[in-house]
There are 2 protein chains.
Amino acid sequence: MAVINSCHYFFLYSQLATLSPSLASTYRFSSPRKSLRTQITCSATPASSNPMEGRRKFMEFPYVSAPVRNLMVDLVSTLENRLDSQLLPCTLPSDVQYYENQTGNAQASLQIRSGLHSSPIDFILGSWIHCDLPTGGALNITSLSTYLNSSTDAPNFVIELIQSSATSLVLILDLPPRKDPVLYPDYLHNFYESTQLDTYRQTLEKIPEVTPYFSPSLYVRCFFSPTSIMVRVETEAGDSARMEEIVGSYVDPVAKDVLGIWLNHCACGGREVGETEKDYLKKRDSLARNKTIEIDLGSSLPRLFGPEVGGRVLAEIRKVLIA
Amino acid sequence: MAVINSCHYFFLYSQLATLSPSLASTYRFSSPRKSLRTQITCSATPASSNPMEGRRKFMEFPYVSAPVRNLMVDLVSTLENRLDSQLLPCTLPSDVQYYENQTGNAQASLQIRSGLHSSPIDFILGSWIHCDLPTGGALNITSLSTYLNSSTDAPNFVIELIQSSATSLVLILDLPPRKDPVLYPDYLHNFYESTQLDTYRQTLEKIPEVTPYFSPSLYVRCFFSPTSIMVRVETEAGDSARMEEIVGSYVDPVAKDVLGIWLNHCACGGREVGETEKDYLKKRDSLARNKTIEIDLGSSLPRLFGPEVGGRVLAEIRKVLIA
């Protein structure tokens with residue numbers, strides 16, 4: 001039984017710029033100043049010969065709090081138990097499954113598993129990224145996302161937890177639609193209204209420490225559903241215990257329920273589509289994926305990890321996203 | 001020089017249900033219990049023979065605060081000065097231009113002007129609605145919206161101010177897109193990113209009394225742009241002066257600027273489209289308008305004004321919206 005490990009990089013750089021402008025500007029200029037030779041000789045972590053080593057490192061979630069780690073391990077395991085027979089093993093090079101920057105203050109883990117030809121799953125991505133902040137503390141981004149292929153029009157699943165300190169968290173949790181809900185109101189009804197997805201957003205909205213989060217990227221805002229959970233959680237200075245309570249008692253059950261809805265209604269109960277709709281889905285999916293890379297990955301990975309490591313990881317992601 | 005008076009009814013009932021559940025339930029059941037004969041004899045305001053009487057009543061905005069009235073008169077006048085040569089006069093029956101319910105505790109004004117055949121303006125709608133609340137106080141909805149035809153793909157304009165008390169306001173202000181921004185990223189860039197529309201949302205977001213507003217209708221949420229201003233303003237009990245200050249000093253200049261962007265970039269600088277895109281725009285516009293009626297108007301107008309008056313107004317709106 002293999003593990004589905006998925007990394008959602010969608011919003012990395014725009015998040016960084018919002019959450020930690022100093023970090024974003026630091027990483028924007030630091031790496032390109034180094035010589036290419038230095039990067040090549042110093043930046044790559046030696047590739048391991050054990051194909052399961054990347055998966056093991058991913059599942060450790062070594063830098064996040066226990067409630068975040070428990071949640072992520074549970075979500076990955078739930079996906080794995082349900083969809084394992086439809087998924088191929090992760091075939092990424094080991095130095096893409098785990099990588100770090102030259103100075104060793106940024107580490108990341110990436111797992112991608114493609115779906116079998118007969119499956120509606122296109123691929124599944126999981127990741128964590130850890131960056132020491134110039135101001136002290138660290139940024140941790142933990143994510144899991146799924147991508148269906150054009151045999152079905154069902155929405156995808158995404159969760160991303162971005163912690164810039166022990167008392168500050170941005171949570172993105174959604175089933176991003178794959179059709180324009182204004183043009184397809186039945187799609188909205190089928191996947192969002194009848195599943196009562198908005199109740200989960202309402203549950204989190206009631207917590208005093210929770211406020212809505214607006215992505216700085218307008219495209220990213222459009223990408224999500226009207227029931228998307230995009231929130232910022234800020235607990236009082238030093239009160240990391242309250243943050244852990246919020247993640248463990250509120251975020252955890254909500255995320256598990258939303259994944260359950262995705263598994264039952266989208267991955268395993270999704271609607272098949274005709275040829276015309278397939279073309280529409282292919283075009284819209286392709287545009288969304290290309291914009292994803294343009295907005296975030298194309299600049300953020302080289303900035304955070306240097307052009308050689310960032311470029312190598314980006315090339316592997318491109319192979320899957322724009323296959 | 002005639003006045004453009006436009007009424008945006010889009011979200012009436014869903015707003016009512018959120019803002020004042022008691023009012024929504026009161027109006028849901030009160031009118032249908034009356035006999036049709038009573039409604040016919042009592043509910044219609046006598047039609048005036050003066051064609052300008054409806055316009056005059058609309059421009060009075062008799063029940064709202066001075067800052068709201070000043071803003072609405074300014075927006076209407078600005079539209080009028082810029083677009084008057086493209087618009088036909090309002091030809092609604094006088095008992096649709098002004099109407100009230102049987103008991104006289106709900107009054108409303110409606111103005112619709114269609115665009116000339118050569119204009120990109122399909123029609124423009126303006127309205128105010130005033131309802132006494134069973135709990136005391138009153139609900140006032142004031143709105144202005146524009147609808148372009150399929151000769152251009154430019155966004156529409158909408159402003160709606162919903163006051164359920166002197167210290168509580170919901171503001172909806174947006175240029176709703178007419179194409180799916182995920183499928184048309186250049187559309188997003190052209191009308192939303194390059195115009196810096198999000199700065200206006202950010203300006204209002206910083207006011208302490210302002211919080212995001214989520215429409216209870218998921219379709220309504222999808223209908224708006226990623227830079228839409230959908231906010232609730234709540235000032236302290238009894239502090240209507242602060243509400244007036246917020247409307248006069250913040251909402252007023254933001255709304256005027258957003259209308260200016262619409263006039264310059266959409267009404268007068270919009271892009272022309274080819275035949276295939278025209279079909280797409282017609283289909284999407286038609287769906288949005290039909291859903292509008294289904295979600296709100298079809299039930300809310302008869303509930304608030306009784307089936308006879310509500311039905312009469314609805315029939316006239318249908319003629320324009322689904323022509």
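Computed from a predicted model, the values in this text were never measured in an experiment.

K.L.:
Explain the relation of the copies chain B and chain A residue by residue, including any values.
P.N.:
With an axial shift of 0.0 Å and an RMSD of 0.0 Å, the rotation relating chain B to chain A amounts to 180 degrees. Between the two chains, the operation in question is that of a two-fold axis. Across chain B, the rotation axis passes nearest the C-alpha of Asp180 of chain B, at a separation of 3.0 Å. Of the interface residues in chain B, 100% have counterparts in chain A that sit at the interface too, so the contact is made through matching surfaces.

K.L.:
Outline the nonpolar core, listing residues and values.
P.N.:
Residues Ile159 and Trp262 of chain A together with Ile159 and Trp262 of chain B are the most contacted members of the largest nonpolar core, which totals 194 residues. What Ile159 of chain B contacts, discounting residues up to four positions off in sequence, is Leu71, Leu75, Thr142, Ser143, Leu144, Leu171, Ile172, Leu173 and Ala255 of chain B.

K.L.:
Describe the interface of chain B and chain A, naming the residues involved and giving the relevant values.
P.N.:
Between chain B and chain A, the residue contacts involve 26 residues of the former and 26 residues of the latter. Carbon and sulfur atoms make up 73% of the area that chain B and chain A hide from each other, which totals about 2,500 Å². Per-residue buried area on chain B facing chain A is highest for Val182, Leu183 and Leu218 of chain B; these three make up 26% of the total on that side. Residue Arg284 of chain B pairs with Asp180 of chain A through a salt bridge whose shortest N-O separation is 2.7 Å. Applying the counting rule to chain B against chain A returns eight residue pairs in polar contact (both at pLDDT 80 or more). Among the secondary structure elements, those contributing two or more residues to the side of chain B that touches chain A are helix H7 (185-193), helix H8 (198-205), helix H9 (218-223) and helix H11 (275-321) of chain B.

K.L.:
Could you give me a rundown of helix H10 (residues 240-267) of chain B, with the residues and numbers involved?
P.N.:
Taking 1.5 Å per residue, 28 residues should reach 40 Å; H10 of chain B reaches only 35 Å between its end C-alpha atoms and comes up short. The largest bend in H10 of chain B is about 40 degrees, located at Val251 of chain B, with the proline Pro253 of chain B one to four residues further on.

K.L.:
Talk me through the sheet that holds strand E3 (residues 121-132) of chain B; I want residue IDs and the actual numbers.
P.N.:
Residue and element names in this part refer to chain B. Spatial ordering of the open sheet is given by E1-E2-E3-E4-E5-E6-E8-E7, a layout of eight strands whose pairing is antiparallel. Every other strand in the sheet has two partners, leaving strand E1 (98-100) and strand E7 (210-212) as the edge strands with one partner each. Adjacent strand axes in the sheet meet at a mean angle of 15 degrees, parallel and antiparallel pairs treated alike. In terms of strand pairing, E3 meets strand E4 (residues 138-148) through 11 bridges, oriented antiparallel. In the sheet register, Leu125 faces E4, and the bridge partner there is Ser145. Each of E1, strand E2 (106-114) and E3 is contacted by helix H4 (residues 53-60), which is oriented at about 115 degrees to E2, the strand it contacts most.

K.L.:
Please provide a residue-by-residue account of empty space enclosed by the protein, values included.
P.N.:
All names here are of chain A. Counted by the stated rule, this structure contains 10 cavities of 30 Å³ or more. The volume enclosed by the largest cavity comes to roughly 110 Å³. Around the largest cavity sit 11 residues that line it, and Asn156, Arg178, Phe223, Asp285 and Ala288 are the ones nearest its centre. The element contributing the most residues to the lining of the largest cavity is helix H11 (residues 275-321), with four residues. Tallied by class, the residues present in the lining of the largest cavity amount to six nonpolar, one polar and four charged.

K.L.:
Break down the pairing of strand E5 (residues 157-165) of chain A for me, citing the residues and quoting the values.
P.N.:
All names here are of chain A. Across the nine residues that make up E5, a large majority, eight, are buried. Pairing of strand E4 (residues 138-148) with E5 involves seven bridges; the strand directions are antiparallel. Among the inter-strand pairings, Asn140 is bridged to a residue of E5, identified as Gln163. Strand direction decides the pairing type here: E5 and strand E6 (residues 168-174), joined by seven bridges, are antiparallel. Bridge pairing in E6 links Ser165 to Ser168. Between E5 and E6, which follow one another and run antiparallel, lie two residues.

What counts, and where the lines are drawn
Residues numbered from 1 in each chain as written. Chains lettered and ligands numbered in written order. Predicted model: local features only at pLDDT ≥ 70, side-chain atom pairs only at ≥ 80, totals over all residues. Heavy atoms only, no water. Least-squares fit on C-alpha atoms with pLDDT ≥ 70 in both. Contact = heavy atoms within 4.5 Å. Core = buried A, V, L, I, M, F, W, Y, C linked by side-chain atoms within 4.5 Å. Buried < 20%, exposed > 50% of the residue type's maximum accessible area, 1.4 Å probe, protein only. Buried area = accessible area lost by both parts, 1.4 Å probe. Salt bridge = Lys/Arg side-chain N within 4 Å of Asp/Glu carboxyl O. Polar contact = N/O pair within 3.5 Å; in protein donor to acceptor, adjacent residues only side chain to side chain. Helix = DSSP H or I, 4+ residues; strand = E, 2+ residues; numbered from the N terminus. Expected span 1.5 Å × (residues − 1). Bend = angle between axes of the 7 residues up to and from the residue. Pairing = 2+ DSSP bridges. Axes fitted to C-alpha atoms, helices over the stretch in contact; angles between N-to-C directions. 1 Å grid on protein atoms, 1.4 Å probe; cavity = no way out; pocket = protein on both sides within 12 Å on 5 of 7 lines; lining within 4 Å. Points joined across faces, edges and corners; volume = space filled by probe spheres on them. Nonpolar A, V, L, I, M, F, W, Y, C, P; charged D, E, K, R; others polar.

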